[in-house]
Structures are given as structure tokens and as C-alpha cells.
Amino acid sequence: MPNLSKITCIEDLRVVAQRRVPRMFYDYADSGSYTEGTYRSNTADFQGIKLRQRVAVNMEGRSTRTTMIGQDVAMPVAIAPTGLTGMQHADGEILSARAARAFGIPFTLSTMSICSIEDVAQHAGPGFWFQLYVMRDRDFIERLIDRAKAAGCSALQLTLDLQILGQRHKDIKNGLSSPPKPTLTNLINLATKPHWCLGMLGTKRRSFGNIVGHAKGVGDLSSLSSWTAEQFDPQLNWGDVEWIKKRWGGKLILKGIMDAEDARLAANSGADALIVSNHGGRQLDGAPSSIAALPAIAEAVGKDIEVWMDGGIRSGQDVLKARALGARGTLIGRSFLYGLGAYGEAGVTRALEIIQKELDITMAFCGHTDIDTVDRGILLPGTYPIA
């Protein structure tokens, strides 16, 4: 285990990850669509929100523990579904699930993961959630849902904002593929990442574990790219949500809500939670940041459905601000990926430790000792978005 005591913030982990992870996979995680304006706003808009410092209050007995869809969590944070996690570090989904389980927060596995549902189920805890993309091949989707049930996933996270793919310029320029194509540029870059290469040589998990060998006509990598290009379903609608909810039969979370009208439709669908998310700025460039969209959505649905937020969280202070503006829970993507790419499982654990400590200390400075008592009263009026 490396000594990570000098790693004091998520940015420290990002710097190390950029040095250790091959360019195409680092860029895949750390980029947005088109101008990347929304991607940048997700983080930048948190900075303008100011906190009210309170003094002479008893700061003993602090707790960041709460619940998300009835599940006890060490803090209001879950690991978001991220594609190609196992290309940031060998067996990345397994390592991240183990870190989340030990820390006491949920882990969400992406449909587009490298490690399969069955692989991760052996290492994940009760907070093992599965994220579903809707494909044209509905038989494959039904079998994917059934596999998630059999693996003991306690919630299904349905992503609604990827009916078509937003263009990410860096992925095109890098020739993104899994595993990397042996071009001269890629080989030169891989030669500078010996730790990553050794890890990949030591695992058999180098492709999309939930798809290859499971989807009809996809037996190897050569047939995978054409299948994925054709399979995302542009016709996805609220009727499909009803069908998936019935097929799943358990807790359902809807991800990708950015509009109050859609939030009301999500609440009416019978889902258990919705996630205010612009897909990390990777889909509609020019959309508002997630934190800017949050207050109006939280007000629109009230207590009809749990509201969570995903996008731009790089610190425990960001978690606290989201909580103050109406998010019952939050999700982190890049923050844990930086830790994973930098130091594997230990890096994910360190990312979670950093976020929780920042959340705990900042909450105390704002005059609270229990995360469940935090509201927008901790924020300086005029500095935060309103409904």
C-alpha cells in the first residue's frame, strides 16, 4: 500500500493519474463534448457559491451518515457509473467496488464496463447498483436486467440522456478503442506507462465484459464497435421507463434529468430517485451545469422523489453545497477515476477519505454536526442559484 498521506486533494490524484494512464483513456474520462463549456461549468459553478461561517457552536459528535433510497451510507455520496473504468487501471471496476464497500457507500457499475456484472458481484457489497443503457436489442436488455438481478444488485440506474452520442473531439483524435489499437502513436505513449501496461498484462479483462459473448453477433472486439454504434436507441421514451421498471421490479433511479418538466415526469413514473446530471458535460454542450439546474428541479418535485446530483464534484465542500440546494445524495465520477488511475484501489479509498474529511470539517464550520440538518441556510444569499 502506498503512503498517500501527502495526497491532500482530488487535484493531487488527477495530476498523478494523468501521468500514469494512457492518453486516450485519461482523455476519455477527463473531457467533454464540443467546446467542453458545460464540462468546465460543472466544476466552475460550485466555486461561486459561498458558505456562511458560524462560530461558537459545539462541533463535537459530527456525523456525515445518511441514507440514499433507504440504504445507509457513510456520506451522501455514491460512485457513479463510468464506462471503460477498467481501462483507467487493470480490473478497475472490481477495485473501485471493493473500495466503496469498505468505505460504506454505493458503487454503480456501467453497462459499458470492462469487468462484467458477475465479476464485480463477487467483490461488491449491499450497495451494488447497476446502470442500464437502453439498446435497440430489447432481448439483450432483458437478459442484462436479469443478470443484474441474479448478481444481487439492489438498484437499477437507468440513464436517459444517451439516446445518441455527443461528439467528444479528443476521443476521435486519439482513436479511442479498447484495448488500444497498436498504432505507432499509441505504442509510444504506452511505453511511458509501464505500471499500467504491467497491470493489463496481468488481467484477462480488457474488453466490455457485459457485452462481448452476451449480445447476439458480438463474439469479439472486431464485431463490438459496429454493434455499439448501431445499438443506442434514439426512440427511448417514458413508456420504455415503465417497461423497464416492471421488468426490474426493484429500486429504480433515473439519471440524466436537467429540466423541471422532465423531473415531474420522472416523479410520476414511480421511480425512487432521479439524478440531476448532464452526463459530465459529455452530451449537450451549452447546457447548464448540474448544480445550476438542481434548485429548480428540487423545488419542482418536492418530496415526491429523491433528488440527487452528479457532475463537477471535486470536494466535500461541493457535496455540502449540493446537499444545501436540495440534493439528498450526490455521485462522483472523475473524482474516483483520478484516484483509480493514480493508485488503484488505494487511490479510490484516498479520494473518498478526502471528500468525507472536507465534508465533515466544512459542515462544522457552517454550524452543523449532522448532515441531515443541512439546508440552504449555510449558503451566503446572492451567491447560489435559485429556482
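Residues numbered from 1 in each chain as written. Predicted model: local features only at pLDDT ≥ 70, side-chain atom pairs only at ≥ 80, totals over all residues. Heavy atoms only, no water.

Novice: What exactly am I supposed to notice about the packing of aromatic side chains here?
Specialist: The geometry of an aromatic ring pair is captured by two quantities: the separation of the ring centres and the angle between the planes. As enumerated under the stated definition, the model contains three aromatic pairs in all. Ring geometry for Phe25 against Trp196: centres 5.9 Å apart, planes inclined by 25 degrees, an arrangement best described as stacked. Of this pair, Phe25 sits in helix α2 (residues 23-29) while Trp196 sits in helix α9 (residues 194-201), placing them 171 residues apart in sequence. For the residue pair Phe25 and Trp196, the accessibility class agrees, reading buried in each case. With a centroid separation of 5.4 Å and an interplanar angle of 85 degrees, the aromatic rings of Tyr133 and Phe232 are classed as edge-to-face. Linking Tyr133 in the loop between β5 (128-132) and α6 (138-150) with Phe232 in the loop between α10 (221-231) and α11 (238-248), this pair joins segments that are 99 residues apart in sequence. By relative accessible area, Phe232 is classed as buried at 12%. Directly above the aromatic system of Tyr28 lies the positively charged group of Arg282, at a separation of 4.5 Å from the ring centroid. (Phe/Tyr/Trp six-rings, centres within 6.5 Å; stacked < 30°, edge-to-face > 60°. Helix = DSSP H or I, 4+ residues; strand = E, 2+ residues; numbered from the N terminus. Buried < 20%, exposed > 50% of the residue type's maximum accessible area, 1.4 Å probe, protein only. Lys NZ or Arg CZ within 6 Å of the ring centre and 35° of its normal.)

Novice: What am I meant to see in empty space enclosed by the protein here?
Specialist: Remark: the empty space left among the atoms is shown by a probe the size of a water molecule rolled over them. Under the defined criterion, the tally for this structure stands at one cavity of 30 Å³ or more. Taken as a whole, the largest cavity encloses approximately 30 Å³ of empty space. As for the largest cavity, its lining consists of Ala17, Val21, Tyr26, Ala29, Asp30, Gln88 and Tyr338. Of the residues assigned to the lining of the largest cavity, the class counts are five nonpolar, one polar and one charged. (1 Å grid on protein atoms, 1.4 Å probe; cavity = no way out; pocket = protein on both sides within 12 Å on 5 of 7 lines; lining within 4 Å. Points joined across faces, edges and corners; volume = space filled by probe spheres on them. Nonpolar A, V, L, I, M, F, W, Y, C, P; charged D, E, K, R; others polar.)

Novice: Mind showing me how you'd approach the layout of surface pockets here?
Specialist: Taken as a whole, the second largest pocket spans an internal volume of roughly 490 Å³. For the second largest pocket, the lining is made up of 19 residues, of which Ala298, Arg323, Gly326, Ala327 and Arg328 are closest to its centre. Among the elements that make up the lining of the second largest pocket, the one with the highest residue count is helix α13 (residues 290-301) (three residues).

Novice: How should I be thinking about helix α15 (residues 334-343) in this particular structure?
Specialist: One turn of the α-helix equals 3.6 residues, which is why residues spaced by three or four share an orientation. Counting buried positions along α15 yields nine of 10 residues, so the element is predominantly enclosed. Within α15 the residues assigned to the buried category are Arg334, Ser335, Phe336, Leu337, Tyr338, Gly339, Leu340, Gly341 and Ala342. Downstream of α15 by one or two residues, Gly344 has phi in the positive range, about 70 degrees.

Novice: When you look at the pattern of salt bridges in this model, what are you seeing that I'm missing?
Specialist: Where charged atoms of side chains with opposite charge meet at close range, the side chains can pair. Counted by the stated rule, this structure contains 17 salt bridges. With its nearest N and O atoms 3.6 Å apart, the salt bridge here joins Asp139 to Lys216. Highlighted residues: Asp139 in helix α6 and Lys216 in the loop between α9 and α10, separated in sequence by 77 residues. On the accessibility criterion, Lys216 (58% relative accessible area) is exposed. (Salt bridge = Lys/Arg side-chain N within 4 Å of Asp/Glu carboxyl O.)

Honestly, it's all geometry; don't read function into it.
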